[in-house]
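# Close look at the chain arrangement
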Amino acid sequence: MSEHVYKLVELVGSSTQSSDDAVRNAIAKAAESIKHMDWFEIVETRGHIVDGKLGHWQVTLKVGFRVDG
């Protein structure tokens, strides 16, 4: 098994649908410019309230990607 070195980036995804969609949105956008993403960790979940109702979800996550040797 080979050894890897990872770099972490912190992302905030948002969605009007769900916290899961917020995570998916963040990862999909990051995948456009970051290669070798392997894992993520949810750090914080919060929401925005509009007129007494849920406006949208915001999820902060750390994403680990392999650093090329």
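See the structure printed just above.
Please read all numbers here as calculations on a predicted model, not as lab measurements. (Residues numbered from 1 in each chain as written. Predicted model: local features only at pLDDT ≥ 70, side-chain atom pairs only at ≥ 80, totals over all residues. Heavy atoms only, no water.)

The pairing of strand 2 (residues 37-50) with strand 3 (residues 53-66) spans 12 bridges and is classified as antiparallel. What sits directly across from tryptophan 39, in strand 3, is glycine 64. (Pairing = 2+ DSSP bridges. Helix = DSSP H or I, 4+ residues; strand = E, 2+ residues; numbered from the N terminus.)

What follows covers the nonpolar core. If you look at the biggest cluster of nonpolar residues, it comprises 10 residues: Leu11, Ala22, Val23, Ala26, Ala30, Ile34, Val59, Leu61, Val63 and Phe65. Looking at this core, the elements with two or more residues in it are helix 1 (19-30) and strand 3. For phenylalanine 65, the contacting residues outside a window of four places in its chain are Val5, Tyr6, Lys7, Val9, Ile34, Lys35, His36, Met37 and Asp38. (Core = buried A, V, L, I, M, F, W, Y, C linked by side-chain atoms within 4.5 Å. Buried < 20%, exposed > 50% of the residue type's maximum accessible area, 1.4 Å probe, protein only. Contact = heavy atoms within 4.5 Å.)

The sheet built from 3 strands is open, its strands ordered 1-3-2 with antiparallel pairing. At either end of the open sheet lies a strand with only one pairing partner, and these are strand 1 (6-15) and strand 2. Strand-to-strand twist of the sheet, defined as the mean angle between neighbouring strand axes without regard to direction, takes the value 15 degrees. Docked against the sheet, helix 1 engages strand 1, strand 2 and strand 3, running at close to 130 degrees with respect to strand 1. (Axes fitted to C-alpha atoms, helices over the stretch in contact; angles between N-to-C directions.)

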